[in-house]
Structures are given as structure tokens and as C-alpha cells.
Amino acid sequence: MTDSLLEVRDLHVRFNTPRGVVRANNGINLGMNTGESLGIMGESGCGKTVLILSLMRLQQPGVIVGGSIWFDGREVTRLTQKEMQTVRGKGIALIPQNHSTALNPAYTVGEQLGETLGRRQGKTGLWQTLRAGTPGAGTRDYENLRHVLSGLGFNDESVLRRLLASYPHELSGGMGQRVLIAMALLLEPKLVIADEPTTALDRATRAETLELLGRLSADTTLMVVSHEVETLVCICNRVAVMYGGRVVESGVTGRVFSDPHHPYTRILLQSQHLIRGKPVSSAAVALDMVNFPPGCPFHPFCPEAVPACSREEPPETVFDSGSVACHLYNGSGTCSK
Amino acid sequence: MKFARLFRRNPLIFSGSALITFFIFAAIFSPWLAPHDPWQYQQAFLEPSPGHLLGTNDVGQDIFSELLVAGRVSLGVGFSAALMAAVTGVAIGILAGFRRGMLDEVLMGATDVVLVIPTLPLVVLISVYLGPSLPGISLLIGLIMWPSIARVIRSRVLSLRQAGFVESARALGAGDWWIMSRHVLPNVLPLVLAKFVLTLAGAMLIEASISFLGLGNPSAKSWGMMLHYAFTRGGFIREMWWWYLPPGLAIAMVIFALNLINLGFEEKSDPRLKKVLE
Ligand SMILES: Nc1ncnc2c1ncn2[C@@H]1O[C@H](COP(=O)(O)OP(=O)(O)OP(=O)(O)O)[C@@H](O)[C@H]1O
Ligand SMILES: [Mg+2]
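In short, a report on the structure. These numbers come from a predicted model, not from an experiment. (Residues numbered from 1 in each chain as written. Chains lettered and ligands numbered in written order. Predicted model: local features only at pLDDT ≥ 70, side-chain atom pairs only at ≥ 80, totals over all residues. Heavy atoms only, no water.)

## Describing the side chain of A:Arg119
Relative to the elements of secondary structure, A:Arg119 occurs in helix H3 (residues 109-120). Relative accessible area serves as the criterion here: at 10%, A:Arg119 is assigned to the buried category. Each residue touching A:Arg119, except ones within four places of it in the same chain, is listed here: B:Ala169, B:Leu172, B:Gly173, B:Ala174 and B:Trp178. (Helix = DSSP H or I, 4+ residues; strand = E, 2+ residues; numbered from the N terminus. Buried < 20%, exposed > 50% of the residue type's maximum accessible area, 1.4 Å probe, protein only. Contact = heavy atoms within 4.5 Å.)

## A few points about the sheet that holds strand S3 (residues 37-41) of chain A
Whenever strands of a sheet pair, they do so through backbone hydrogen bonds, lying parallel or antiparallel. Residue and element names in this part refer to chain A. If you walk across this open sheet you meet the eight strands as S6-S7-S8-S3-S9-S10-S12-S11, and the pairing is mixed. Both edges of this open sheet fall to strand S6 (92-95) and strand S11 (316-319), since each of them pairs with a single strand only. Geometrically, the sheet is characterised by an average inter-axis angle of 20° between neighbouring strands, direction not taken into account. Where S6 meets strand S7 (residues 191-195), four bridges bridge the pair, whose relative direction is parallel. By the bridge assignment for S7, Leu-94 is matched with Ile-193. Sheet strands in contact with helix H7 (residues 173-186) are S6 and S7, and its direction is about 175° off that of S6. (Pairing = 2+ DSSP bridges. Axes fitted to C-alpha atoms, helices over the stretch in contact; angles between N-to-C directions.)

## Some remarks on the packing of aromatic side chains
Following the criterion strictly, the structure yields 14 aromatic pairs over all chains and no others. For the ring pair A:Tyr243 and A:Tyr264, a centre distance of 4.6 Å and an interplane angle of 50° mean the geometry is tilted. With a gap of 21 residues between them, A:Tyr243 in strand S9 (residues 238-243) and A:Tyr264 in helix H11 (residues 263-274) connect regions that are remote in the sequence. Between B:Phe79 and B:Phe196 the ring centres are 6.0 Å apart and the planes differ by 45°, which places this aromatic pair in the tilted class. Of this pair, B:Phe79 sits in helix H4 (residues 63-99) while B:Phe196 sits in helix H9 (residues 176-212); the two residues are 117 residues apart in sequence, bridging distant segments of the chain. Looking at B:Arg161, its charged tip hangs above the ring of B:Phe98, at a distance of 5.8 Å from the centre. Over the ring of B:Trp39 we find B:Lys221, and its NZ or CZ is 4.2 Å from the ring centre. (Phe/Tyr/Trp six-rings, centres within 6.5 Å; stacked < 30°, edge-to-face > 60°. Lys NZ or Arg CZ within 6 Å of the ring centre and 35° of its normal.)

## Looking at a nonpolar patch on the surface
Residue and element names in this part refer to chain B. A grouping of Phe-25, Ile-28, Phe-29, Trp-32 and Leu-33 is seen on the molecular surface, where their side chains present a nonpolar patch of about 580 Å² in accessible area. Breaking the nonpolar patch down by element, the ones donating at least two residues are helix H2 (11-28) and helix H3 (30-33). Looking at the element boundaries, Phe-29 is found in the loop between H2 and H3. Given the relative accessible area of 38%, Phe-29 is considered partly exposed. (Patch = residues over 30% accessible without salt bridge, like charges linked within 9 Å, V, L, I, M, F, W, Y side chains within 5 Å. Areas by Shrake-Rupley, 256 points an atom, 1.4 Å probe, with all protein chains shown as cover. Salt bridge = Lys/Arg side-chain N within 4 Å of Asp/Glu carboxyl O.)

Put into C-alpha cells, the structure is as follows:
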């Protein structure tokens, strides 16, 4: 635990909506060490995006009602918004999901990357802000850009020049995605988070991006959120499976996929092998995040449910390199049935 | 570059800008273009002739020269008032729309108060009180006209603050000031330009009204002032159309040009209007 970078304990996040209280995150426990790559998987609506936004305190209008988030020696939930600005970007950098809207249409790629560099260096006066442009060839900033972008496949000088001079709408999906990755990497963050990095991409670009993220995970601490198993297999050495705003199972990627412990993990994996692409298992669709069932959130759909499941929340059973939250396991990591 | 293309492509915007540019140039170069000194007393009540293209007024000043020089004050007051209104309106609109919360409520409350005040009576009242000073009148008109800009900008900012690039900038550590100046401001500028054109037209009309009522600065010639003198010094009863018509036409033409530009902007943003126009 010496190089623990992120430690989330019993995180609860809620949204107050006219329909009632949406319990988006419900006691999340999660840990990450420096150098690791962690995949977060789970169906649509299980609270993945809310979780990563909460790590950066960007979950508004959601409210963090309980739990703690330790990142790099600081308790994130206790920091002011001003202090958060140093956590966001330099500490945790997010690669946004939708590359076509995540870049400002009014600026060229170079100007936006230059902007990121300028902000890192603390050039935040109004004039500096408005004028932040493409770094000139030969400057330190330019070398910095070139270094990062060549790692992302823009090796050729003329290709690079053209990229920096183009506007966001002129980029292909894969290029846009890589620019966003570059933007995050320029800040030299301690943790990079990618939210659904491949969902918005076509098949060919998806393979390319997966390969890129896989290479990235070798020397970056990376968290990847996806509901596609194949995305995570390629990139992550550990995965956490979420259901109903909780982490129901976590562990080394190979183990989780070859020997899933939690009944939900098994069903999720089955549905993924049956239907490729976006999983449409009935479970999450049926789960109402407002009228939350007592006990284990999955028990109404669980084929292996026992009476205790509908009464008590299952405790988290921790074993060598993982955990599972299910009444079928108690303390040992082996099934009690 | 994008703007340049827009001006060339859209015939409404193009012709409107051409017309307004003509007036601005005429006003700027009026001391060299004017055949006479507009303040010099010559023979009064002359009819149009080659020597005095639009005749002379009650004290014998050359009306054509007056017309040219008066454009400076009319356009100058209009532009400075509209500029003040735009800067204030943009600042308040962005701040209110982006920061939300208490600040938004206070600022928009103030905006609504100013918005419901009937403009002309208030301006008349205050300019009587302040006396005839050009900067004073510009400031006054500017202060009266910012709220409608602030409202429009705010509602645009409300949707911009949800934009993907705003969220991703925030996720990479950008603060409010950074996002407002770097990401929000440039994206409302086209809207500001469209609103500026309308505000300019409004400001020039108010200035003309004040001057026509005789509340303007008598030592500064403006088109409204010329109308005022034509009306009070016998231009109308003597049916000297060459005295009262040109300043009225000048005002009308400038407003027309501004409305053309505005129509061009609207056509660009609303394709339905384009069909109606065709
Ligand atoms: N702004 C909001 N207001 C109300 N409820 C919200 C809001 N944002 C998220 N939620 C709720 O929180 C829950 C978790 O949402 P979240 O976006 O984290 O899901 P997700 O796992 O990222 O799903 P996806 O795979 O579709 O991105 C959902 O039930 C959603 O309805
Ligand atoms: Mg999501």
C-alpha cells in the first residue's frame, strides 16, 4: 500500500430529482496504485460516470453525501473548489467521452494544446488567456507538444504542423480522440481517466485507439471506464465491476474474466459473449435507482439469491488481489455454497 | 477570416455594411469633403444652388456641409453608446449566466428593472438634469441599453456552460475566469455583433430624439439637432425641404443599413426567414 494513489472509501453520491433521490453511487470502495491500469465496467446507468466525476468533484448537481476519496495524499472531498483546480488536470486528467464536442470549435488544435500548456505554467492573466496560441516551432512548448504527439502516432513533422493548424471539425474521429489524449498527457497527470474512450468511434478507429491506450497503460496510471469487455481486456491489468452504484467485484483482469465470482459478473460476461457491442441485459434497465431495493441491489434478478440477499447489504469480502460483495462469499473468497 | 467570408457571401450584410461604411467615411472625412465651414455665417435662407448644394439655414450656414459634419456627432454618440452597452451587457450576461446562483439573480433583477423603465422619458428627464454634454448623453444611452444585450448573452451562456469543451476544460483544471474569457467570450462574439448593430440603431434614434427635442448640445451639430433647428427656425413652415429632409433621410438610411445587416444575421441563423425573403 506504499504507492497507493487513489483510495475511495464508502462513497455515496445522490441526485435530488423531482422523481425522488437517485442513489447513483452507493458505498463505492476502490483503490489504485501508481502504475496500475484499472478498468471500470458495468452497464449503462450503474454510476460509472458519476464515480469518476466525483473523483474530480465535478459531479454537480449530484451531492457527495458520504465517504472519502484520498488522492495523492489529500482528501478530495474536503478540498475547496480552488484547491480542486490543482487536482484536476495536473493530478487527475479526464479524457472526455465525446471528442466531437470536447474541443472548442473557435480554436485550432494547436491553440487548444497551447492553452493547456499555458495553464500548466500558470499563465492565467486575461490577456495571456485570450492570446494563448500555437507554440512557435523551436520553443520548449513546441518540443513538448511534439514529444507527446509523436507518442500518439503523429511522427511526421508536416503531418504534425497540419494537425496543429486544423480546426476541430476538420479532424476525423480517431484524430480528435488522440488530440484529447494529448491534451490530458501534456499536463503530466498522476492519473489519467478515460470515459468510454471507444464508444463513439467506428470499428477501425476503435482498434487503433485500443492499441494506443494499451501502450499508454505501460507508463501511465490509467483508469478506463467502459461497458465493453473487449476494451478493458486489452488495456487493464485490474477491473472493477459495478452494479447499482456499488463495486460488486474487483480483481486481476484475467481472474475476473476466467473465474467470475459475483453472479452479476457472470451474467454480464455471458451477455457480452452472446450479444456483441452494447450489452442489453435486462438487469440494469430494470433497476430503479430511485426506489432502491433493500439488501443487495442485484437480488431481484439474481439466479442464486438466498434469503439474506433481500435483507442485508452484502459485506465486501477482500481476498488476495480483489474483492467481491455477495452473500455467497464470506471472508475466504471461496463460494460457501 | 470567417467574418470576412460572411460579409462577402450574404448580400444583406454586404449591402448594409457598404452603406454604413459610406456614411462613416463621409463623417470621418467631412472637414475635407465639406465645401464650406458649417459654422460660418453667410446669407440666410438660400435655396439649393451649385454654390450651396442644399442651400443655407436661418443663420446662413451651408446645409450640405452641416449634414456631413453632423454625421460625426450622430454616429459618434451612437457608436460610443452602443460600445458601452455591449461591453457592459456582455460582461454582465456572461457573469450571470456562467456563475448562476445569487449573483445571477441579483444581476438579472437589476437588468429587468432597467429593462422595464420606459427609455425615452427617462433619457429626456436625465439629460435635462445633466445638461447638454456629448459624453454624458453617450453614457446615459449606453447605461439604458445594456440590459437587452445582457439578457441575450446570458441565455446563450446558459447553454454554452454545458458545452463539452467547457466541461473538458474544467476537468483539466481550468477555473471560472479562464473558461469565461477563453471559451465563453469568443463563442458569444457573433451574437454580440448582431446585438451591437441593433443597439447602435437604437442609440442613434435616441440621440436624434433628444436633440430634436432641443436637449442636445447646441455647440455640436448632429442630424437630430439640424432637425430641431429646421423645425424651430421656420424650415417647416417655409417648406424648405432641403433643410429638414436631408438630416431625416440620413438618419433613416443609417438605421436602414443597420437593419439590413441585422436581417442578414437573422437569416443566417434562421433558415425559415430565408425562405420568406426569397
Ligand atoms: N444530472 C443528473 N441528474 C439526475 N440523475 C442523474 C444525473 N446524472 C446521472 N444521474 C443518474 O445517476 C445514475 C448513474 O449515471 P451515470 O451517468 O454514472 O451512469 P453510467 O454508468 O456512466 O452509464 P453510461 O454507460 O450510460 O454512461 C443514473 O441512474 C442516472 O440516471
Ligand atoms: Mg457514463
